[in-house]
Amino acid sequence: MIRCVHCNKENEEIFTYCLNCGKPLEQSLSSFRPRPAHAEKKVSHRLVTVKTDGTAGNEYPLNPGLNRIGLRGPEVAIPDDPRIAPEHATLDVGDDLAFLEDLATPYGTFVRVRDEMALVDGDRVRIGHALFQVQLTNPLPPTPSDGSAWLGSAGAASTHAGRLLRLGPNDVVLEAWLLGATETVIGRSVGDVLMSDDAFVSSRHASIAVVGGTCKLKDLGSTNGCFLRIRGRVAIQPGDVILVGQHLLRFRRAEG
């Protein structure tokens, strides 16, 4: 399956245009030309570590074609991170974009959202130190016989379209909020979901709403951004930022 970077719709690989929004799919772009097996390796792009102060750190040269990311790489070796698997992800590099794929790791691989992104049921988003999951297909169960309310229901019946779950260790649900057409705002000091103790969260960081059957995550100009956990094989472009374990890596063209 190929996921459209414009509307997040998953399409069969036989299609060259997205069935939802009609825009070209990544595999149809002439700019993506994987390296032939016999071609000589030549550095075309780099992954650059983004340090906590925003400056550039270690650089990892990338060859056209398949590059492996993990504790032992070998192309991109990132040691001493308990959230990174020995073989964590692959980056298949073309001329102007690359395909990123997580190798079924426990902690996943994330890509920073550019302004706005459509979410599908089960998508997970990291904001600051918190991990959220969107639940769109499961309505609230019937009211319990003792009259108590379900977590995230606000104690009343609702025409909600889903829930936003905050996950803890082992995917335990710590908190939940209803999602609907009205924006649910996440922030450090302003919003419906407050993360007052997280310095990596902006005052008014992001919002999520379900309109016309589509759930959309919008970055509200935050400093540190929102990161979507990838599922399957997704396209990234120069300038995109990847979150692997506790490391931020910016994908960029090689200079010269």
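Along each chain, residues carry numbers from 1 onward, in the same order as the chain's sequence is written. Restriction of local features to residues with pLDDT of at least 70 applies here, the model being predicted, together with a cutoff of 80 or more for giving and counting side-chain atom pairs; totals for whole chains, interfaces and linings are based on all residues. Just so you know, side-chain values use all the structure's heavy atoms and leave hydrogens and water out.

**A short note on the pattern of salt bridges**
Opposite charge on two side chains permits pairing when their charged atoms draw close.
Here's step 1: The term salt bridge refers to a pairing of a side-chain nitrogen on Lys or Arg with a carboxyl oxygen on Asp or Glu at a separation within 4 Å. As enumerated under the stated definition, the model contains 10 salt bridges in all.
Here's step 2: Across the pair Asp 123 and Arg 231 runs a salt bridge, and its minimum N-O distance is 3.0 Å. Of the two residues, Asp 123 is situated in the loop between β10 (116-119) and β11 (124-127) and Arg 231 in the loop between β19 (226-229) and β20 (233-236); the sequence distance between them amounts to 108 residues.
Here's step 3: On the basis of relative accessible area, Asp 123 is assigned to the buried category, the value being 0%. Under the scheme used here, helices are H or I runs from DSSP no shorter than 4 residues and strands are E runs no shorter than 2 residues, and both carry numbers assigned from the N terminus. Exposed residues in this analysis have more than 50% of their type's maximum accessible area, buried residues have under 20%, and partly exposed residues fall in between, with area computed by a 1.4 Å probe over protein chains only.

**Details of the pairing of strand β4 (residues 56-62)**
Here's step 1: The rule for pairing is simple: two strands pair if DSSP sees at least two bridges between them. Here 5 bridges tie strand β3 (residues 45-50) to β4, and the two strands are oriented antiparallel to one another. Bridge assignment links Val 50 to a residue of β4, and that residue is Ala 56.
Here's step 2: Linking β3 to β4, which pair antiparallel, is a turn of 5 residues; within it Gly 54 sits at a positive phi near 90°.

**Topic: the sheet that holds strand β17 (residues 206-211)**
Here's step 1: The strand order across the open sheet built from 5 strands is β10-β18-β17-β15-β16, with neighbouring strands paired in mixed fashion. Both outer strands of the open sheet, β10 and β16 (193-194), are each paired with one neighbouring strand and no more.
Here's step 2: Bridge analysis of β17 against strand β18 (residues 214-219) gives 6 bridges, and the strand direction is antiparallel. For Ala 206, the partnering residue across the bridge sits in β18 and is Asp 219.

**Details of the sheet that holds β19**
Here's step 1: Taken together, the 10 strands give an open sheet; going across it, the order is β4-β3-β22-β21-β9-β19-β11-β12-β13-β14, and neighbouring strands pair in antiparallel fashion. Only two strands of the sheet have a single partner each, and these edge strands are β4 and β14 (173-179). Ignoring which end each strand starts from, the neighbouring axes of this sheet average 30° apart.
Here's step 2: Bridging between strand β9 (residues 109-112) and strand β21 (residues 241-244) involves 3 bridges; their strand directions are antiparallel. Directly across from Val 111, in β21, lies its bridge partner Ile 242. Here an axis means a line fitted to C-alpha atoms, over the contact stretch when the element is a helix, while the angle between two N-to-C directions is reported on a 0 to 180 degree scale.

**Remarks on the side chain of Gln 135**
Here's step 1: Examined against the element boundaries, Gln 135 turns out to sit in strand β12 (residues 130-135).
Here's step 2: A contact between two residues is defined here by any heavy atoms of the two lying within 4.5 Å. In this view, Gln 135 contacts Asp 121, Gly 162, Arg 163 and Leu 165; residues no more than four positions away in its chain are not counted.

**Points about the nonpolar core**
Here's step 1: For this analysis, a nonpolar core means a set of buried residues of the types Ala, Val, Leu, Ile, Met, Phe, Trp, Tyr and Cys, connected via side-chain atoms within 4.5 Å. Within the largest apolar cluster, 22 residues are counted, with the highest numbers of intra-cluster contacts made by Leu 119, Ile 127, Phe 132, Leu 164 and Leu 217.
Here's step 2: Where this core is concerned, the elements lending two or more residues are β10, β11, β12, β14, β17, β18 and β19.
Here's step 3: In this structure, Leu 119 is in contact with Asn 8, Val 125, Val 134, Leu 136, Cys 215, Leu 217 and Leu 228, ignoring residues within four places of it in sequence.
Here's step 4: Judged by nonpolar contacts, the second largest core, of 20 residues, contains Tyr 60, Val 93, Ala 98 and Ile 230.

**Details of the side chain of Asp 219**
Here's step 1: On the secondary structure map, Asp 219 appears in strand β18.
Here's step 2: Looking at Asp 219, its side chain comes within polar contact range of the main-chain nitrogen of Gly 221, at 2.9 Å. Polar contacts here mean pairs of N or O atoms no more than 3.5 Å apart (in protein, one a potential hydrogen donor and the other a potential acceptor; neighbouring residues in sequence count only if both atoms are side-chain atoms).

**Focus on the packing of aromatic side chains**
Here's step 1: Centres within 6.5 Å are what make two rings of Phe, Tyr or Trp a pair, Trp counting through its six-membered ring; a difference in plane orientation under 30 degrees is then read as stacked, over 60 as edge-to-face, and the rest as tilted. This model, assessed by the stated rule, comprises 1 aromatic pair.
Here's step 2: A centroid spacing of 6.3 Å and a plane angle of 55° characterise the contact between Phe 132 and Trp 177, whose relative ring orientation is tilted. Highlighted residues: Phe 132 in strand β12 and Trp 177 in strand β14, separated in sequence by 45 residues.
Here's step 3: For Phe 132, a relative accessible area of 2% gives the class buried.
Here's step 4: The exposure class assigned to Trp 177 is buried, which follows from its relative accessible area of 17%.
Here's step 5: Any Lys NZ or Arg CZ found within 6 Å of a ring centre and within 35 degrees of that ring's normal is scored as a charge over the ring. The ring centre of Phe 110 lies 5.7 Å from the NZ or CZ of Arg 126, which sits over that ring.
Here's step 6: The cationic tip of Arg 233 hangs over the ring face of Phe 99; the distance from NZ or CZ to the ring centre is 4.2 Å.

Geometric values such as these leave the question of function open.
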